[in-house]
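Structural overview for review
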Amino acid sequence: MPASYAYLGPEGTFTEVALRTLPETATRELVPMVSVPAALDAVRNGEAEAAFVPIENSVEGGITTTLDELVAGRPLMIYREVLLSITFALLVRPGTKLSEIKTVTAHPAAQPQVRNWLRNNLPEVLWESAASNADGARLVQEGRYDAAFAGEFAAAKYGLEALETEIHDAENAQTRFVLVGRPARPAAPTGADKTSVVIWQRDDHPGALLELLQEFAVRGVNLMLLQSRPTGEGIGNYCFAIDAEGHISDRRVGEALMGLKRVCPEVRFLGSYPRAEVDPKDVRAPRAGTSDGEFSAASDWLARCQDGRF
Ligand SMILES: O=C(O)C(=O)Cc1ccccc1
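Residues numbered from 1 in each chain as written. Predicted model: local features only at pLDDT ≥ 70, side-chain atom pairs only at ≥ 80, totals over all residues. Heavy atoms only, no water.

For the protein, the name recorded in an unreviewed UniProt entry is Prephenate dehydratase, with Streptomyces kaempferi as its organism. Annotation of the protein in UniProt includes, under Pathway (unreviewed entry), the sentence "Amino-acid biosynthesis; L-phenylalanine biosynthesis; phenylpyruvate from prephenate: step 1/1." Quoted verbatim from the Catalytic activity (unreviewed entry) heading of the UniProt record, the comment on the protein is "prephenate + H(+) = 3-phenylpyruvate + CO2 + H2O". (UniProt positions renumbered as here; feature names shortened; annotations may be inferred.)

Following this line, the structure appears as structure tokens:
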């Protein structure tokens, strides 16, 4: 299998910076791709061992292209996540003044993070989306746009200069990235894990979503993300991407997934993987009655009842 990781390129994206924080990248070839779908397809086609892509940011929510790619098509699995704090620089060709900027570009997920800054500093500017923030910088180098929002580190790569740095409407804006591979056995639990699934509802009725969420609630499984995405089958048809605290090998998580499997037409398991930046010792103990030991004791008791041995 080729030891390469595909990522949302070109060189100089925040995605690349986040990817390089993973120690195993030292022994992998890192291959920039033009888009998230291209990076994920490289994995599906066996050209890359894994792909590294943005999935969520703390200002705007889910990166919909990534979610939609994971929801549909040949199944993939998440193996790792990385959180990165993001601040933008406004990159221009050397010598460009703020007053000369008529067009600006960046990845669409950057826009909500710089909207107020633009309103206050460049209210008339025309925004055009780029495939990534580094691609925006490349387009400025080519002369297609006057300025790009990107990481300050991208300036040198594309012969640009930072007219302004530390641009971020929200303090502590973070983006979450995931390492995605073909389905295989998830890594063993670390004690601070997360499980991602996508679920589809059987029919539309009052309380339908509540019924699905109850599968987690009654087993004491905390939810960390709930994102609805259109299924593409008409207005009002949605599936739900859910991140739940815990590992598929935790009894309470496994039982919640089995509960969903019984009542949903489709459940797609997207992986159990270590939570970024959480120390296992800071993880809350399971709610009373939901530890693995308590699940085992309850099934032993049931078996004894079924045998008449109580
Ligand atoms: O990695 C990048 O540079 C991207 O274009 C994705 C992105 C978009 C917005 C914030 C962080 C990452």
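1. Regarding the site of the ligand
In the vicinity of the ligand, the residues found are Leu8, Thr13, Phe14, Thr15, Pro54, Ile86, His107, Ala109, Gln113, Ser132, Asn133 and Thr175. Between an oxygen atom of the ligand and a side-chain N or O atom of Thr15, the distance comes to 2.6 Å. Burial of the ligand by the protein amounts to 100% of the accessible area it has alone, namely 320 Å². Of the residues contributing to the shell around the ligand, the split by class is 5 nonpolar, 7 polar and no charged. Two domains each put at least three residues into the shell around the ligand: domain 1 (1-86 + 173-184) and domain 2 (88-165). (Near = heavy atom within 4 Å. Polar contact = N/O pair within 3.5 Å; in protein donor to acceptor, adjacent residues only side chain to side chain. Areas by Shrake-Rupley, 256 points an atom, 1.4 Å probe, with all protein chains shown as cover. Nonpolar A, V, L, I, M, F, W, Y, C, P; charged D, E, K, R; others polar. Domains from an automatic or database assignment.)

2. Observations regarding the sheet that holds strand β9 (residues 147-150)
Adjacent strands of a sheet pair through backbone hydrogen bonds, lying either parallel or antiparallel. Overall, mixed pairing links the 5 strands, which are arranged β8-β7-β9-β6-β10 in an open sheet. Looking along the sheet, the strands with just one partner apiece sit at the ends: β8 (126-129) and β10 (161-167). Across the sheet, the axes of successive neighbouring strands diverge by a mean angle of 25 degrees, strand direction being ignored. Each of β6 (88-92), β7 (103-106) and β9 touches helix α5 (residues 133-141); the most contacted strand, β9, lies at about 155 degrees to it. (Pairing = 2+ DSSP bridges. Helix = DSSP H or I, 4+ residues; strand = E, 2+ residues; numbered from the N terminus. Axes fitted to C-alpha atoms, helices over the stretch in contact; angles between N-to-C directions. Contact = heavy atoms within 4.5 Å.)

3. As for the sheet that holds strand β12 (residues 193-200)
If you trace the 4 strands from one edge of the open sheet to the other, you get β13-β14-β12-β15, paired in antiparallel fashion. Sheet topology places β13 (223-230) and β15 (266-274) at the edges, where each strand pairs with a single neighbour. Each strand axis lies, on average, 15 degrees off the axis of its neighbour in the sheet, ignoring direction. Relative to strand β14 (residues 238-245), β12 is paired through 7 bridges, and the arrangement is antiparallel. Paired with Thr195 across the bridge in β14 is Ala244. Docked against the sheet, helix α3 (residues 64-71) engages β12, β13, β14 and β15, running at close to 80 degrees with respect to β13.

4. Overview of helix α7 (residues 208-217)
Taken residue by residue, α7 has Ala208, Leu212, Glu215 and Phe216 as its buried positions. Buried positions in α7, seen along its axis, are confined to an arc of 100 degrees and lie on one side of it. For α7, the elements touching its buried residues are β12, β13, β14 and α8 (251-263). (Buried < 20%, exposed > 50% of the residue type's maximum accessible area, 1.4 Å probe, protein only. Arc of directions from axis to C-beta.)

5. Observations concerning the domain arrangement of the protein
By a widespread convention, an interface's size corresponds to the accessible area lost as its parts come together. The domains assigned to the protein are domain 1 (1-86 + 173-184), domain 2 (88-165) and domain 3 (185-310). Each of domain 1 and domain 2 was reduced to a C-alpha centroid, and the two centroids are 23 Å apart. Together domain 1 and domain 2 conceal approximately 1200 Å² of surface at their shared face, both sides included; 68% is due to carbon and sulfur atoms. Together, Pro10, Gly12 and Phe14 form the three largest contributors to the area buried by domain 1 at its contact with domain 2, with a combined 36%. Summed over the shared surface of domain 1 and domain 2, the number is 0 salt bridges. (Buried area = accessible area lost by both parts, 1.4 Å probe. Salt bridge = Lys/Arg side-chain N within 4 Å of Asp/Glu carboxyl O.)

6. Some points on the UniProt feature "domain: Prephenate dehydratase" (unreviewed entry) in the protein
Feature annotation in UniProt places "domain: Prephenate dehydratase" (unreviewed entry) on residues 4-182, given in this structure's numbering. Between the first and last C-alpha atoms of residues 4-182 the distance is 13 Å; the span itself is 26% helix and 34% strand.

7. A few points about the packing of helix α2 (residues 36-44) against α3
Where α2 contacts α3, the axes come no closer than 9 Å and their chain directions differ by 30 degrees. In terms of orientation, α2 lies roughly parallel with respect to α3. Where α2 crosses over α3, the handedness of that crossing is right-handed. Where α2 approaches α3, its residues Val36, Pro37, Leu40 and Arg44 are matched on the opposing element by Thr65, Thr66, Glu69 and Leu70. Partitioned by chemical class, the residues of the contact of α2 with α3 number 4 nonpolar, 2 polar and 2 charged. (Parallel < 35°, antiparallel > 145°, perpendicular 65-115°, else oblique. Left-handed = near helix turned anticlockwise from the far one by under 90°.)

8. Things to note about the packing of α7 against α8
Contact geometry of α7 with α8 gives a least axis separation of 8 Å together with a crossing angle of 155 degrees. Classified by the angle between their axes, α7 and α8 sit roughly antiparallel to one another. The hand of the α7/α8 crossing is right-handed. For the pair α7 and α8, contact is made by Leu212, Glu215 and Phe216 and by Ala256, Leu257, Gly259, Leu260 and Val263, respectively. In the contact of α7 with α8, the residues fall into 6 nonpolar, 1 polar and 1 charged.

9. Section: the side chain of Arg275
Inspection of the secondary structure puts Arg275 in the loop between β15 and α9 (292-307). Arg275 gets classed as buried once you look at its relative accessible area, which sits at 18%. With residues near it in sequence (within four places) discarded, Arg275 still touches Glu81, Ala192, Asp193, Lys194, Met224, Glu245 and Val283.

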